[in-house]
Amino acid sequence: MLSLFHHPLPLLLRSKHHLSLHFHSLPSNSTHSFTNLSNLLQGRIPHSHLLRIHAHIILVGAEQDNLIATRLIGHYPSQSALKVFHQLESPNIYPSNAVIRVLAEEGFCSDAFSVFRTLKSRSVSPNGLTFSFLFKACFPVCDARCVGQIHTHVVKCGLARDCFVCNGLVSVYARGVKDLVSARKVFDEMPDRIMVCWTSLITGYARSAQHEEVLKLLLSMVQEGLRPEDDTMVGLLSVCSNLEIVEIENWIRVLSELIDGLRYNNLTNDWVNTVLVYLYGKWGRIDKSRERFDQIAGTSKRSVVPWNAMLNAYVQNGSPSEALSLFGLMMECHYCRPNHITVVSVLSSCAQIGDLDRGMWVHDYLKAEGRKGILARNTKVATALIDMYSKCGNLVKAREVFDQMLTKDVVSINAMIMGLASNGKGEEALRLFSKVKDFGLRPDAGTFIGVLCACCHSGLLENGRQIFLEMSQGFSVPPKLEHYACYIDILARMGLVEEALEVVNSMPFEPNDIVWGALLGGCLLHNRSELALYISKMLVKLDPRNCAGYVMLSNLFAADCRWVDVSGVRWFMREKGVKKQPGRSWISINGIVHEFLVGSQSHPQADTICRTLDGLVKEMKLANSVGSSWG
């Protein structure tokens, strides 16, 4: 056991002279009254001041007062608090609860249960707080038998219908020991269920992938006209994120039928619509998501949850411009502040369209308005910033955010490696990869995707070959199809098309469009026409509705001036109803993002842009003709 108070105070307690020396610097207006001594122990107290107060408590003989002891215990670390408690001759429930709480919070579960047994042996009746603190002690140990024993004591003490105690029981059964049968039994027998109870049970079912039970709970909440708190909504949406398509369709049908009849109040409709916003987004029905979002009342939009659900729907469905427009609308609503989930969605949108200005604004907002230390401590936000800066081409800022992170996880390292890779800094990416172990981490499948991409973009053939071979042998990470595709791309780009084809034939996966596309790219780059023709046909055969194979085949014919074959490919595409996805680009000017589609005249300044482009083309032709005549 630790020495009392980690201070020489126990040695000084042998004489009142020493106690007086410790006490002399207390405020002059303090008296020997127990009430005033108790008041001195309120609020935050510097450790040295606390020791002087404690010395005076012993000097005046107040150390046996239960209220004073309770407050002392609350200021000390667990082992010192336990020493204070054991010096009490007749502790009542208050210091007992205080020491159980301190021990539970610091993870000394067996000591907390020992104090509880001492309390019972002295015929001191536990109350709701006692059991609340004991439940907290149960979470780290995950001992179902121990929880069952405490439950027995709850019943014996007549607290089986106490709302506060039952909530703790549901929470520890559902989230602590994952005994959902017992959790549901307690829940069903509760006379008055508070929202935290619903959240605990939903979280428990979610972690056990019992999605049908979550839906039943959700329907019960609707029928009771309840309005979930934000924590409950986050739990519900986390369940939705793991649903299969068939389950999503079922949930949408059931929930839509419930609220479309307008049998429930508007608040209930609002939170159900928030769930539907998220579900429609997962299903790819972005129009339906926005329709449900627009039905949510303004008062309910004071919560950030519906905004996050809609932003997530846009980001998931490749609509970054719409996401940023929605974020702008959200920022105009001064009653709703973005949280870290909002920020991650917005930064992802900025990364997709290269909106560096908006991304930097979000970064500045976090510095000025965010929680203190969020950029250094929240790995998800920092990783989103690294990804955004990397995709917008600002590696200096990306590295700055990475270096300032207090704790780096493998996801943030992967983002930095991929950022370096995509910006042509292959050797830097490999140096960072070599330091992964220095961070106390193990590289995962995503790490190897990043380093193989780095080798591919920077032409580091031998490094790529070595890393691919060492993945499974040295790091116990078996290559997936994505890793084979990266390695094949490295070989094909370096002109080793036959070797790449051997890898395709030997890999334990059926080649997909990415694999064939990488091979075809290498063939086109190194003028391997015959092999390119064969691979193009394989790509078309694999996915007849995908335009990529047709386009690359057409480009191959065009490179050989085989215009009849080019026309044939285009005719075949029209006959099969295959449409080429139009090229798309974005540019940010003065904080406004402009989107352009190939062949589209939808931009309001399209005529002016086209005239300017025609003028530039004429100038270039003129310059070339003049240069040729002078040559």
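What counts and what doesn't
- Residues numbered from 1 in each chain as written.
- Predicted model: local features only at pLDDT ≥ 70, side-chain atom pairs only at ≥ 80, totals over all residues.
- Heavy atoms only, no water.
- Helix = DSSP H or I, 4+ residues; strand = E, 2+ residues; numbered from the N terminus.
- Buried < 20%, exposed > 50% of the residue type's maximum accessible area, 1.4 Å probe, protein only.
- UniProt positions renumbered as here; feature names shortened; annotations may be inferred.
- Phe/Tyr/Trp six-rings, centres within 6.5 Å; stacked < 30°, edge-to-face > 60°.
- Lys NZ or Arg CZ within 6 Å of the ring centre and 35° of its normal.

## Focus on unusual backbone geometry
- Backbone geometry at Ser 123 places phi at a positive 60 degrees, although glycine is not the residue there.
- Looking at the secondary structure, you find Ser 123 in the loop between α8 (109-121) and α9 (128-141).
- A relative accessible area of 67% means that Ser 123 is categorised as exposed.

## Section: the environment of Gln 223
- One can find Gln 223 in helix α14 (residues 211-223).
- Residue classification places Gln 223 among the exposed positions, given a relative accessible area of 53%.
- C-alpha of Gln 223 to C-alpha of Thr 268: the two residues are 45 residues apart in sequence and 9.1 Å apart in space.

## Overview of the UniProt feature "repeat: PPR" (unreviewed entry) in the chain
- Per the UniProt record, "repeat: PPR" (unreviewed entry) is annotated on residues 92-126, 194-228, 303-338, 378-408 and 409-443.
- End C-alpha atoms of residues 303-338 are separated by 9 Å, and the span's content is 69% helix alongside 0% strand.
- Within the segment residues 378-408, helix and strand shares are 74% and 0% respectively, and the terminal C-alpha atoms sit 10 Å apart.

## Section: the packing of aromatic side chains
- Within this structure, the stated rule accounts for 13 aromatic pairs.
- A ring pair is formed by Phe 448 and Phe 475, whose centres lie 5.3 Å apart and whose planes are at 65 degrees; its orientation type is edge-to-face. Linking Phe 448 in helix α28 (residues 445-458) with Phe 475 in helix α29 (residues 461-475), this pair joins segments that are 27 residues apart in sequence.
- A residue is classified by how much of its surface remains accessible, and Phe 475, at 16% relative accessible area, is buried.
- Three or more aromatic residues joined by ring pairs make a cluster, and in this case those are Phe 468, Tyr 484, Tyr 487 and Phe 509.
- One cation-aromatic arrangement involves Lys 301 over Phe 293; the distance from NZ or CZ to the ring centre is 4.2 Å.
- Geometry around Phe 402 places Lys 408 over its ring, the cationic atom sitting 5.1 Å from the centre.

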